[in-house]
Amino acid sequence: MKKNLISIIILALMIVNIALTAIMMFSVMGTSRKTAALVDNIATALNLELTAGSGGEKEKTVVPMSDIDTYSISEKMTIPLQVEVNEEGKEQAHYFITNVTLSMNTKDKGYKTYSDTLEDKENLIKGEISDVINQCTVDEARNNQDQIREEILDRIQTMFDSEFIFNVTFSDTMIQ
């Protein structure tokens with residue numbers, strides 16, 4: 001008799017548990033729908049798109065490996081970063097040391113025009129790279145290398161008035 005009574009109590013508690021779980025689930029679902037609607041309204045008000053990759057960023061050029069040629073700057077570049085003042089009031093100089101390689105699309109019409117003269121224009125390219133990196137602090141140079149590469153790429157493409165150079169790569173980078 002006691003076993004049957006305990007079984008009935010367990011059954012009653014299970015039914016109560018299922019009922020409370022169902023109530024909780026319906027209340028959470030309603031709240032999550034309202035939250036999603038609120039986010040949609042805010043995004044619409046700010047004129048944002050919720051799809052990935054459409055944040056107004058420049059799309060990367062996709063070039064097959066067979067159409068890529070590279071040009072490496074002849075020597076490792078040592079570029080001074082913005083001088084920072086430490087806690088003791090002393091100025092600290094920091095340097096960005098890296099090898100730079102430019103990726104070029106051999107199918108682009110600018111490649112035929114400029115590829116043979118890149119060595120002659122290397123100092124101009126170094127100047128653009130230095131101008132961009134000189135404006136950075138140590139923390140920016142460590143944390144924003146993608147943005148630095150994009151700005152360098154934009155400047156080089158503007159300088160050549162062509163997009164045959166489609167990527168800038170840093171290798172053996174050291175920040176002191």
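Residues numbered from 1 in each chain as written. Predicted model: local features only at pLDDT ≥ 70, side-chain atom pairs only at ≥ 80, totals over all residues. Heavy atoms only, no water.

1. Structural notes on the nonpolar core
Next, step 1: One finds Ile133, Ile152 and Ile165 to be the most contacted residues of the largest nonpolar core, which totals 28 residues.
Next, step 2: Elements with a minimum of two residues in this core: β2 (77-80), β5 (95-105), α3 (122-134), α4 (138-143), α5 (145-160) and β6 (165-175).
Next, step 3: Examining the composition of this core, we find that five residues originate from one element, α5, more than from any other.
Next, step 4: Contacts of Ile165, omitting those with residues within four sequence positions, involve Leu102, Ser103, Met104, Leu118, Leu153, Ile156, Gln157 and Phe160. (Core = buried A, V, L, I, M, F, W, Y, C linked by side-chain atoms within 4.5 Å. Buried < 20%, exposed > 50% of the residue type's maximum accessible area, 1.4 Å probe, protein only. Helix = DSSP H or I, 4+ residues; strand = E, 2+ residues; numbered from the N terminus. Contact = heavy atoms within 4.5 Å.)

2. A few points about α3
Next, step 1: Helix length check: α3, at 13 residues, gives a terminal C-alpha distance of 18 Å against a target of 18 Å (1.5 Å per residue), a fit within 8%.
Next, step 2: Residues of α3 that are buried: Glu122, Ile125, Lys126, Glu128, Ile129, Val132 and Ile133. Burial along α3 is one-sided: seen end-on, the buried residues are contained in an arc of 160°. Residues of α3 that are exposed and angled more than 90 degrees away from the buried face: Asn123 and Leu124. (Expected span 1.5 Å × (residues − 1). Arc of directions from axis to C-beta.)

3. Some thoughts on a nonpolar patch on the surface
Next, step 1: Among the surface-exposed residues, Leu5, Ile9 and Leu13 lie close enough to one another that they form a single nonpolar patch of about 310 Å² accessible area.
Next, step 2: Structurally, Leu5 can be placed in helix α1 (residues 2-45). (Patch = residues over 30% accessible without salt bridge, like charges linked within 9 Å, V, L, I, M, F, W, Y side chains within 5 Å. Areas by Shrake-Rupley, 256 points an atom, 1.4 Å probe, with all protein chains shown as cover. Salt bridge = Lys/Arg side-chain N within 4 Å of Asp/Glu carboxyl O.)

4. Digging into the pairing of β5
Next, step 1: Of all 11 residues in β5, nine are buried; the element is thus mostly enclosed.
Next, step 2: Sheet topology places strand β1 (residues 68-72) next to β5; five bridges connect them, and they run antiparallel. Across the sheet, the residue bridging to Asp69 is Met104, located in β5.
Next, step 3: Pairing analysis gives four bridges linking β2 to β5, with the strands arranged antiparallel. Within β5, the residue paired with Ile79 across the bridge is Phe96. (Pairing = 2+ DSSP bridges.)

5. Considerations on the side chain of Ser162
Next, step 1: Inspection of the secondary structure assignment puts Ser162 in the loop between α5 and β6.
Next, step 2: Residue Ser162 is classed as buried on the basis of its relative accessible area of 13%.
Next, step 3: Engagement of the side chain of Ser162 in a polar contact is seen with the backbone nitrogen of Phe164, the distance being 3.3 Å.
Next, step 4: Each residue touching Ser162, except ones within four places of it in the same chain, is listed here: Asp108, Gly110, Tyr114 and Gln157. (Polar contact = N/O pair within 3.5 Å; in protein donor to acceptor, adjacent residues only side chain to side chain.)

6. Topic: the packing of α3 against α5
Next, step 1: Between α3 and α5, whose axes approach to 9 Å, the crossing angle comes to 145°. Handedness of the α3/α5 crossing: right-handed. Here Leu124, Ile125, Glu128, Ile129, Asp131, Val132 and Ile133 of α3 lie close against α5, whose contacting residues are Ile148, Glu151, Ile152, Arg155, Ile156, Met159 and Phe160.
Next, step 2: A class-by-class count of the residues in the contact of α3 with α5 yields 10 nonpolar, no polar and four charged. (Axes fitted to C-alpha atoms, helices over the stretch in contact; angles between N-to-C directions. Left-handed = near helix turned anticlockwise from the far one by under 90°. Nonpolar A, V, L, I, M, F, W, Y, C, P; charged D, E, K, R; others polar.)

7. Re the confidence of the model for the protein
Next, step 1: Predicted confidence across the protein gives a mean pLDDT of 85, with 91% of residues reaching 70 or more.
Next, step 2: Scored below 50 in pLDDT, residues 50-56 makes three contacts in the model with residues more than four places away or belonging to other chains. (pLDDT = per-residue confidence, 0-100.)

8. Some points on the packing of aromatic side chains
Next, step 1: Considering all chains together, one arrives at four aromatic pairs under this definition.
Next, step 2: Here the aromatic residues Tyr114, Phe160 and Phe164 are joined through ring pairs into a cluster of three or more. (Phe/Tyr/Trp six-rings, centres within 6.5 Å; stacked < 30°, edge-to-face > 60°.)

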